[in-house]
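Here are the chains, one letter per residue:
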Amino acid sequence: MSLHIGVDIGATFIRAGLFSHEGELLKKIKSPFPRSGFEEYLKNLIIDLSGGELSRIAGVGVGSIGPLDLSTGSVPRAPNAPIKSFRIVDPLRELGLRVVLANDAVAAAWGEHILGLARGYRNILYVTISTGIGGGVIVDGNLLIGKDGNAHEIGHLVVDYSSNIRCGCGGYGHWEGIASGINIPRSFSQYVSREGLCGSFKSPLCQRLLEGSLETREIFEQYARGDPIAIKYVDEYLMLVNSAGIASTINAYDPEILIMGGSVALNNKEAFAKGLDRYLDKYITVRKPVIRFTEFGDDVGIYGAAALSIKPPESLKEYIEAWNKR
Ligand SMILES: [Zn+2]
């Protein structure tokens, strides 16, 4: 009865891990988001991880893409997932398990607080820069949730009001619309044409832009090789945008520690560390927090989800009571 399962529901992959009560990761599974039959898939995932012995499982924590509806324990409309609407709490309750659910970045913040780099801190900001951009916040020891579980949609902060790049949500100049993994190629394209860079410098990225299939990864690869256009874009625009977004979030929540996660940040730590060092002071007004990259890597979501079950946050208490009566 002392094991916990953490499930990280992303738009592309679903990851799940079996954890000891002390937070040690014992076993993990990663698979693509199913095209159909989500609820059966979720139940089978839990049964597989438990080795068919559900009685060993004390609880399941889930960190999910949103937007969430915590009152029903479901995701009513996920813009980027293969299935747009799915229930999470009810199918897990059908297995007779205790369930705790939160937004994925909110769960990651809790995971850092209970099991990771933010142990011992009471004011914590977690920022993920991945396919999208999101955040999780703990203020005075309380995990902030919001009315439906969707607090800190920080990816939709306006960081460049002059940008005509439209975010997936429909807004303009949003941090996520410019600087998240899927959007970096188009903000690169806009920056390069605005600054007339392909006329002044030689770069393989100009040819890739013409071909129309440039990927984020290639821009950072060229950055590491010293490509002049990649350096100008990353150092003089992308990191300015990231610093504006991060500083606005720090100004709003006054954290002691900022933990960065997400594949774009974790795969390019040096560029991020250098960019934040260069620009953050320009925008920050509160005392600067300690800045670290998560040590959980791609597993940050399952650690966060497991932490929700191992030590359920006080701010989710009423939801937890209601879910576990369903
Ligand atoms: Zn947006």
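Residues numbered from 1 in each chain as written. Predicted model: local features only at pLDDT ≥ 70, side-chain atom pairs only at ≥ 80, totals over all residues. Heavy atoms only, no water.

Enquirer: Describe the nonpolar core, and please don't skip the residues or the numbers.
Expert: Ranked by size, the top nonpolar core spans 63 residues in total, and within it Val7, Ile9, Phe86 and Ile88 carry the most contacts. If one sorts the elements of this core by residue count, helix H3 (residues 104–115) sits on top with eight residues. If you count residues domain by domain, this core takes at least three from each of domain 1 (3–111 + 298–323) and domain 2 (119–295). With residues near it in sequence (within four places) discarded, Ile88 still touches Ile9, Phe38, Leu42, Val62, Ser64, Gly73, Ser74, Val75 and Leu101. (Core = buried A, V, L, I, M, F, W, Y, C linked by side-chain atoms within 4.5 Å. Buried < 20%, exposed > 50% of the residue type's maximum accessible area, 1.4 Å probe, protein only. Helix = DSSP H or I, 4+ residues; strand = E, 2+ residues; numbered from the N terminus. Domains from an automatic or database assignment. Contact = heavy atoms within 4.5 Å.)

Enquirer: Tell me about the domain arrangement of the protein chain, and name the residues and values.
Expert: The domain architecture assigned to the protein chain consists of domain 1 (3–111 + 298–323) and domain 2 (119–295). If you average the C-alpha positions of domain 1 and of domain 2, the two centres end up 27 Å apart. Contact with domain 1, which involves 15 residues of that partner, is made by 19 residues of domain 2. Among the residues of domain 1 in contact with domain 2, Ala105, Val106 and Ala109 are the three that bury the most area, contributing 32% of the side total. Remark: the boundary between domain 1 and domain 2 carries zero salt bridges. If you look at where domain 1 meets domain 2, you find four residue pairs in polar contact (both at pLDDT 80 or more). (Buried area = accessible area lost by both parts, 1.4 Å probe. Salt bridge = Lys/Arg side-chain N within 4 Å of Asp/Glu carboxyl O. Polar contact = N/O pair within 3.5 Å; in protein donor to acceptor, adjacent residues only side chain to side chain.)

Enquirer: Describe H3, naming the residues involved and giving the relevant values.
Expert: For H3, built from twelve residues, the straight-helix expectation of 16 Å at 1.5 Å per residue is met to within 8% by its first-to-last C-alpha distance of 16 Å. Within H3, eleven of the twelve residues are buried, which leaves it mostly tucked inside the rest of the structure. Every buried residue of H3 is accounted for by Ala105, Val106, Ala107, Ala108, Ala109, Trp110, Gly111, Glu112, His113, Ile114 and Leu115. The residue sitting at the N-terminus of H3 and contributing the capping side-chain oxygen is Asn103; that oxygen lies 2.8 Å from the backbone nitrogen of Ala105. (Expected span 1.5 Å × (residues − 1).)

Enquirer: Requested: an account of the coordination of the zinc ion, with residues and values cited.
Expert: Where a metal carries four tetrahedral donors, each ideal angle is 109.5 degrees; where it carries six octahedral donors, the ideal angles are 90 or 180 degrees. Looking at the zinc ion, the protein donor atoms are His156 (ND1), Cys167 (SG), Cys169 (SG) and His174 (ND1), and they sit 1.9 to 2.3 Å from it. Of note is the zinc ion, whose four donor atoms meet at the metal with angles of 97 to 119° in an arrangement that counts as tetrahedral. In primary sequence terms, the donor set of the zinc ion follows H-x10-C-x1-C-x4-H. (Donors = N, O, S within 2.8 Å, 3.2 Å for Na, K, Ca; no water. Tetrahedral: all angles 85-135°; square planar, octahedral: opposite > 155°, others 65-115°.)

Enquirer: Pulling in residues and values, what's your account of the sheet that holds strand E8 (residues 124–129)?
Expert: Here five strands make up an open sheet; going across it, the order is E10-E9-E8-E11-E12 and the pairing mixed. Two strands lie at the open edges of the sheet, namely strand E10 (142–143) and strand E12 (290–293), each paired on one side alone. As defined by bridge partners, strand E11 (residues 257–261) adjoins E12 across four bridges and the pair is classed as parallel. Of the residues in E12, the one forming a bridge with Met260 is Phe293. (Pairing = 2+ DSSP bridges.)

Enquirer: So, the environment of Tyr237: which residues are in play, and what are the values?
Expert: Relative to the helices and strands, Tyr237 is located in helix H9 (residues 228–253). By relative accessible area, which is 6% here, Tyr237 ends up buried. In this structure the C-alpha to C-alpha distance between Tyr237 and Gly52, which are 185 residues apart in sequence, comes to 51 Å. Excluding residues within four positions of it along the chain, Tyr237 makes contact with Asp160, Ile178, Ser187, Tyr191, Arg194 and Lys232.

Enquirer: Can you lay out the pairing of strand E7 (residues 99–103) for me, pointing to particular residues and giving the numbers?
Expert: Summarising burial for E7: five of the five residues are buried, a large majority. Across five bridges, the pairing between strand E4 (residues 57–64) and E7 is parallel. Across the sheet, Gly61 pairs through a bridge with Val100, a residue of E7.

Enquirer: Account for the environment of Tyr172, naming residues and giving values.
Expert: Take Tyr172: it is sitting in the loop between E10 and helix H4 (175–179). Here the alpha-carbon distance between Tyr172 and Val192, two residues 20 residues apart in the chain, equals 19 Å. Not counting chain neighbours up to four residues away, the residues in contact with Tyr172 comprise Val158, Ser163, Asn164, Ile165 and Arg166.

Enquirer: Lay out the sheet that holds E7 with the relevant residues and their values.
Expert: Two strands in a sheet stick together by hydrogen bonds in their backbones, pointing the same way (parallel) or opposite ways (antiparallel). Strand order in the open sheet formed by five strands is E3-E2-E1-E4-E7, with mixed pairing between adjacent strands. What marks the edges here is a single partner per strand, and that holds for strand E3 (25–32) and E7. Mean inter-strand twist for the sheet, computed between neighbouring axes without regard to direction, equals 15°. Each of strand E1 (3–9), strand E2 (13–19), E3, E4 and E7 touches helix H12 (residues 300–310); the most contacted strand, E1, lies at about 135° to it. (Axes fitted to C-alpha atoms, helices over the stretch in contact; angles between N-to-C directions.)

Enquirer: Give me the lowdown on the packing of helix H7 (residues 204–211) against helix H8 (residues 216–224), citing residues and values where you can.
Expert: Taken N-terminus to C-terminus, the directions of H7 and H8 make an angle of 170°; their axes are 11 Å apart at the nearest point. One element, H7, and the other, H8, form an angle in the roughly antiparallel class. Here Pro204, Leu205 and Arg208 of H7 come into contact with H8, specifically with Glu218, Ile219 and Gln222. Grouping the amino acids of the contact of H7 with H8 by side-chain chemistry returns three nonpolar, one polar and two charged. (Parallel < 35°, antiparallel > 145°, perpendicular 65-115°, else oblique. Nonpolar A, V, L, I, M, F, W, Y, C, P; charged D, E, K, R; others polar.)

Enquirer: Tell me what's going on with the state of the cysteines, and back it up with residues and numbers.
Expert: By the definition in use, this model includes one disulfide. Note that Cys198 is cross-linked by a disulfide to Cys206, the S-S spacing being 2.0 Å. Residues Cys198 and Cys206 are joined through a disulfide that is left-handed, its torsion about the S-S bond being -95°. Residue Cys198 is classed as partly exposed on the basis of its relative accessible area, which comes to 33%. (Disulfide = S-S within 2.5 Å.)

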